[in-house]
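Structural overview
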Amino acid sequence: MNEPFLRHTGRVAALPRADVDTDQIIPKQFLKRVERSGFGPALFHDWRFRPDGNLNLDFELNRPAAQGASILLTGANFGCGSSREHAVWALREYGFRAIVAPSFADIFFANCCQNGVVPARLLEQEVAELFRRHAAAGGDYRLTVDLEQQRVSDGLGFSTAFALEPYRREMLLRGLDEIGRTLLVADRIEAYERGREAL
Amino acid sequence: MMPRTLFEKVWDAHVVHQFAEGPALLYVDLQLVHEVTSPQAFEGLRQAGRRVRRPDLTVATVDHNVPTGDRASPIADPVAARQLDALAGNAREFGIELFDLRSPQQGIVHVIGPELGLTQPGMVIVCGDSHTATHGAFGALALGIGTSEVEHVLATQCLVWSKPRTMEARVTGRLARGVTAKDLILALIGRIGTAGAAGHVIEYAGDAIRALSMEARMTVCNMSIEAGARAGMIAPDETTFAYLAGRPRAPRGAAWARAVERWRQLRTDSGATYDRRVELDAAAVAPHVTWGTTPGMVAAVTDRVPDPADCASEAERQAVARALEYMGLAPGTPLAGLPIDRVFLGSCTNARIEDLRAAAGAVRGRRVAAGVRAMVVPGSQQVKAQAEREGLDRVFREAGFEWRNAGCSMCLGMNADVLQSGERCASTSNRNFEGRQGRGGRTHLMSPPMAAAAAVAGRLVDVRDWELATL
Ligand code: SF4
């Protein structure tokens, strides 16, 4: 059961790169945990921390204006590579509730929806506009992701719609457990299995 | 009946339920489980008081974090050991077959599935690993899933999936000598980009694909995910049936004959359409090498590293500049001749017996260059045993390669096999992301003969210029 997501307003952290892969989001040395928690501190580890363990102050998430951010604004094909759901667990635990990008890798997109994180796909030029607004505001920039209305807006004139399959949207809106939902049609699964045994 | 693609036939045969809000509930014929992406799924089942619906359709192995050195000594890393213990405990508790470190059949999950004959045409196969696409080489619909989905399949034997679009990748012509399936797929990724097939399932077709062995087909399908596709498929044919015949978990006797008859139906009908098509001329493909930090940053070994100044867009310029900085490469550097420190022959992309034979062909009678550390990590203990029967281990050892036990090893560097910062590695694996093989490590992806030749030369070379021994 996830926390239902209706509408969220929060500070934006901008990561203007395409093809950010899940190896960067959560490097492999942190995948040995057998729990779903404990990944937040390792988010973007090799980018956030220098090899000597000190904070890398050049990295976007370490800028003062990005502290407390809960919406990640980033480039195309976000979350590509490994299927590791640990990447979404790390983002969620760090504090991100929504990710705004021109596109997401397929497995990562599904993993977000399983964990109450809204992946909002906007047009490339809309994302570019948001990066501009974020920079113009000196990084002190907030967005509202409204899942009921399926809109992303900044209260300063930017407002646009995003698409999400009704099934995923409802799952996020209500914080549904997908297994419970599937078990509602358990009789169909049984019928399917009986049908194949008969083959 | 409407003509259908291979994908549509397998999809249609597995729809259990169609949700009004979009996706379908698909039946899963086989779930493969490994130690890294499963513990949270089993814990979820326990907390909800659920059981595994079909333990008989679930098979587990250990591969990602296992040491590849001496199997007799205990595992040095206590956190990794805990993960392996968790899988052993879960397999026992939920009644799932496990190929553990003591098993002669242990290996990388995508190597042992086909090897045991578990992977069969027409199946829907899932695993909490993005390279599950490998199994599509048999005409299965095989895809990687996240841990929540692993739990869902354990509990229901079904996957919720919205019908993807289809793409045909038609490869015609003949591969030149020294050019492999790895070069084909790298060339395709270079052409369409790392998100080129996002939202699609790729079907590889054409006479060049038909001419490939099963091992080579697996290499192609394996890297579908590097092109953005969750799955890649190849229609089964005589090559497929010959590979599967007699495998321990393949059907036998009358059941085998019936199965083959069924499997023969699994091809795209003439007149069926795809949402997208791309074509590639195999004869024009040269050995490929990646120069950057995504598999799409790839070029022929005869090419040079690109210059950010030549990029079409500002975003691309920044991405290329960043990649070159990480890789320690100056714009315009020729790829051939680039000195290397390490060589990794392994991974679910290229650690099957045929890969090891091809690599050994470049190594036989030669020696690894001074200052280069090279290792061979077979894809499974069975591949290892087979290679030893053929004397390949001696070829590698005598040349100065380390000869290891099976696992993912330096493909992702979760165990002790990692690059040091700044080390440059010729690798047969599938991902050259920053830090993938170790923080600060610089990975160049290529084929097994190319990596083997690089080990001997101490630098990247065009393997087409080499005498290759046939073993
Ligand atoms: S060999 Fe590499 S890509 Fe393949 S399953 Fe293991 S870690 Fe993943």
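Quantities reported herein were computed from a predicted structural model and do not represent experimental measurements. Residue positions are given per chain, counting from 1 as you read along its sequence in written order. For naming, the first written chain is A and the first written ligand is 1, with later ones following in the order written. Side-chain atom pairs in this predicted model are given and counted only at pLDDT of 80 or more, local residue features only at pLDDT of at least 70, and totals for whole chains, interfaces and linings cover all residues. The basis for the side-chain values is all heavy atoms of the structure; hydrogens and waters are excluded.

**Overview of the overall build of chain A**
- Helix and strand definitions here come from DSSP, where helices need a minimum of 4 consecutive H or I residues and strands a minimum of 2 consecutive E residues; each element is numbered from the N-terminal end. Within chain A one finds eight helices and seven strands.
- Here the globule rule is a power law, 2.2 Å times the number of residues to the power 0.38, and the radius of gyration is based on C-alpha atoms. Against the compact-globule benchmark of 16 Å for 199 residues, chain A has a radius of gyration of 18 Å, which places it among compact chains.
- The C-alpha extent of chain A, read off along each of the three principal axes, is 65 × 45 × 25 Å.
- Between buried and exposed lies partly exposed: a residue is buried under 20% and exposed over 50% of the maximum accessible area for its type, with that area taken using a 1.4 Å probe on protein chains only. Here chain A holds 199 residues, and 59% of them are scored as buried.
- Within chain A, residue pairs in contact and separated by at least 24 positions form 66% of the contacts whose partners lie at least 6 positions apart.
- Accessible surface, chain A as shown: approximately 8,100 Å² in total, 51% of it carbon and sulfur.
- In this tally, Asp and Glu contribute negative charge and Lys and Arg positive charge; neither His nor the terminal groups of the chain are included. To locate a charge, take atom NZ for lysine, CZ for arginine, CG for aspartate or CD for glutamate. Placing the 25 positive and 27 negative side-chain charges of chain A at their respective mean positions leaves the two points 2 Å apart. Any pair of residues with heavy atoms lying within 4.5 Å of one another is described as a contacting pair. To measure how exposed things are, a 1.4 Å probe is used in the Shrake-Rupley method; for residues, cover is taken only from the protein chains shown.

**What about the packing of helix 12 (residues 353–363) of chain B against helix 13 (residues 381–389) of chain B?**
All names here are of chain B.
- Convention adopted: a line fitted to C-alpha atoms gives each axis, helices being fitted over their contacting stretch, and angles between N-to-C directions are expressed from 0 to 180 degrees. Running from N to C, helix 12 and helix 13 cross one another at 40°; their axes reach a closest spacing of 9 Å. As judged from the angle between their axes, helix 12 and helix 13 are oblique. Every pair of crossing elements has a handedness; the one defined by helix 12 and helix 13 is right-handed. Seen from helix 12, the contacting residues are Ile353, Leu356 and Arg357; seen from helix 13, they are Val383, Gln386 and Ala387.
- By residue class, the composition of the contact of helix 12 with helix 13 is four nonpolar, one polar and one charged. Note on terminology: angles under 35 degrees are roughly parallel, angles over 145 are roughly antiparallel, angles of 65 to 115 are roughly perpendicular, and the others are oblique. A crossing counts as left-handed when the near helix is turned anticlockwise from the far one by less than a right angle, and as right-handed when that turn is clockwise. Classes in brief: Ala, Val, Leu, Ile, Met, Phe, Trp, Tyr, Cys and Pro nonpolar; Asp, Glu, Lys and Arg charged; the others, Gly included, polar.

**Brief notes about the state of the cysteines**
All names here are of chain A.
- Throughout, a disulfide means two cysteine sulfur atoms within 2.5 Å of one another. This model, assessed by the stated rule, comprises zero disulfides over all chains.
- Cysteine cysteine 112 shares no disulfide, and the gap to the nearest cysteine sulfur, in cysteine 113, comes to 6.6 Å.
- The buried category is assigned to cysteine 112, whose relative accessible area is 0%.

**Examining the domain arrangement of chain B**
Residue and element names in this part refer to chain B.
- Start and end points for every domain follow an automatic or database-based domain assignment. Structurally, chain B comprises domain 1 (6–163 + 250–260), domain 2 (165–236 + 268–284) and domain 3 (288–465).
- For domain 1 and domain 2, the distance between their C-alpha centres works out to 24 Å.
- Summing both partners gives a buried area of about 1,900 Å² for domain 1 against domain 2, and 63% of it is carried by carbon and sulfur.
- Note: buried area is the sum, over both parts, of the accessible area (probe 1.4 Å) each one loses when the two are combined. On the domain 1 side of the contact with domain 2, Leu6, His131 and Ala137 bury the most area, a combined 30% of that side's loss.
- Salt bridges, as used here, are contacts in which a Lys or Arg side-chain nitrogen is within 4 Å of a carboxyl oxygen on Asp or Glu. One can count two salt bridges joining domain 1 with domain 2.
- Between aspartate 269 and lysine 9 there is a salt bridge; the shortest N-O distance is 2.8 Å.
- Think of a polar contact as two N or O atoms within 3.5 Å of one another; within protein, one of them needs to be a possible hydrogen donor and the other a possible acceptor, and neighboring residues in sequence only count if both atoms come from side chains. Between the two partners, domain 1 and domain 2, sit eight residue pairs in polar contact (both at pLDDT 80 or more).
- If you list the elements that add at least two residues to the side of domain 1 that touches domain 2, you get helix 1 (6–12) and strand 7 (141–144).

**A word on the interface of chain A and chain B**
- Listed as interface residues are 52 residues of chain A and, on the opposing side, 62 residues of chain B.
- Along the contact surface separating chain A from chain B lie 10 salt bridges.
- For the salt bridge of arginine 54 of chain B with glutamate 193 of chain A, the shortest nitrogen-to-oxygen distance reads 3.2 Å.
- Our count for the contact surface shared by chain A and chain B stands at 32 residue pairs in polar contact (both at pLDDT 80 or more).
- The set of elements that each furnish at least two residues to the side of chain A that touches chain B consists of helix 1 (22–25), helix 2 (45–48), helix 3 (86–94), helix 4 (106–114), helix 6 (166–174), helix 7 (178–183) and helix 8 (186–197) of chain A.
- When the residues that make up the side of chain A that touches chain B are grouped by side-chain class, the tally is 16 nonpolar, 12 polar and 24 charged.

**Some thoughts on the sheet that holds strand 15 (residues 342–345) of chain B**
Residue and element names in this part refer to chain B.
- When DSSP finds at least two bridges between two strands, those strands are taken to pair. The five strands are arranged 17-16-15-18-19 in an open sheet whose pairing can be described as parallel. The sheet is open, and its two edges are formed by strand 17 (402–403) and strand 19 (442–445), each paired on a single side.
- Where strand 18 (residues 424–427) meets strand 19, four bridges bridge the pair, whose relative direction is parallel. Note on strand 19: the bridge partner recorded for cysteine 425 is threonine 443.
- Against the sheet, helix 15 (residues 448–457) engages strand 15, strand 16 (373–376) and strand 18, with an angle of about 150° to strand 15.

**Here's the deal with helix 4 of chain A**
Residues and elements named next belong to chain A.
- Most of helix 4 sits out of view: eight of its nine residues are buried.
- Taken together, the buried positions of helix 4 are occupied by Ile107, Phe108, Phe109, Ala110, Asn111, Cys112, Cys113 and Gln114.
- Note on helix 4: the residue one or two positions beyond its end, glycine 116, has a positive phi of about 70°.

**Side note on the pairing of strand 2 (residues 71–74) of chain A**
Residues and elements named next belong to chain A.
- On strand 2, burial covers both faces: Ile71 and Leu73 on one face and Leu72 and Thr74 on the other are all buried.
- Where strand 2 and strand 3 (residues 98–101) come together, three bridges link them in parallel fashion. By the bridge assignment for strand 3, leucine 72 is matched with isoleucine 99.
- For a crossover, the right-handed case is the one in which the path from the first strand over the helix to the second runs clockwise, viewed with the strands pointing away from the viewer. Traced from strand 2 through helix 3 to strand 3, the parallel crossover comes out right-handed.

**Focus: the site of the ligand**
Residues and elements named next belong to chain B.
- Near residues are defined by distance, with any heavy atom within 4 Å of the molecule or strand qualifying the residue. Neighbouring the ligand are the residues His64, Ile108, His110, Asp129, His131, Ser347, Cys348, Cys408, Cys411, Leu412, Asn430 and Arg436.
- Of the residues that constitute the shell around the ligand, the class distribution is five nonpolar, five polar and two charged.
- Formed jointly, the shell around the ligand draws a minimum of three residues from each of two domains, domain 1 (6–163 + 250–260) and domain 3 (288–465).

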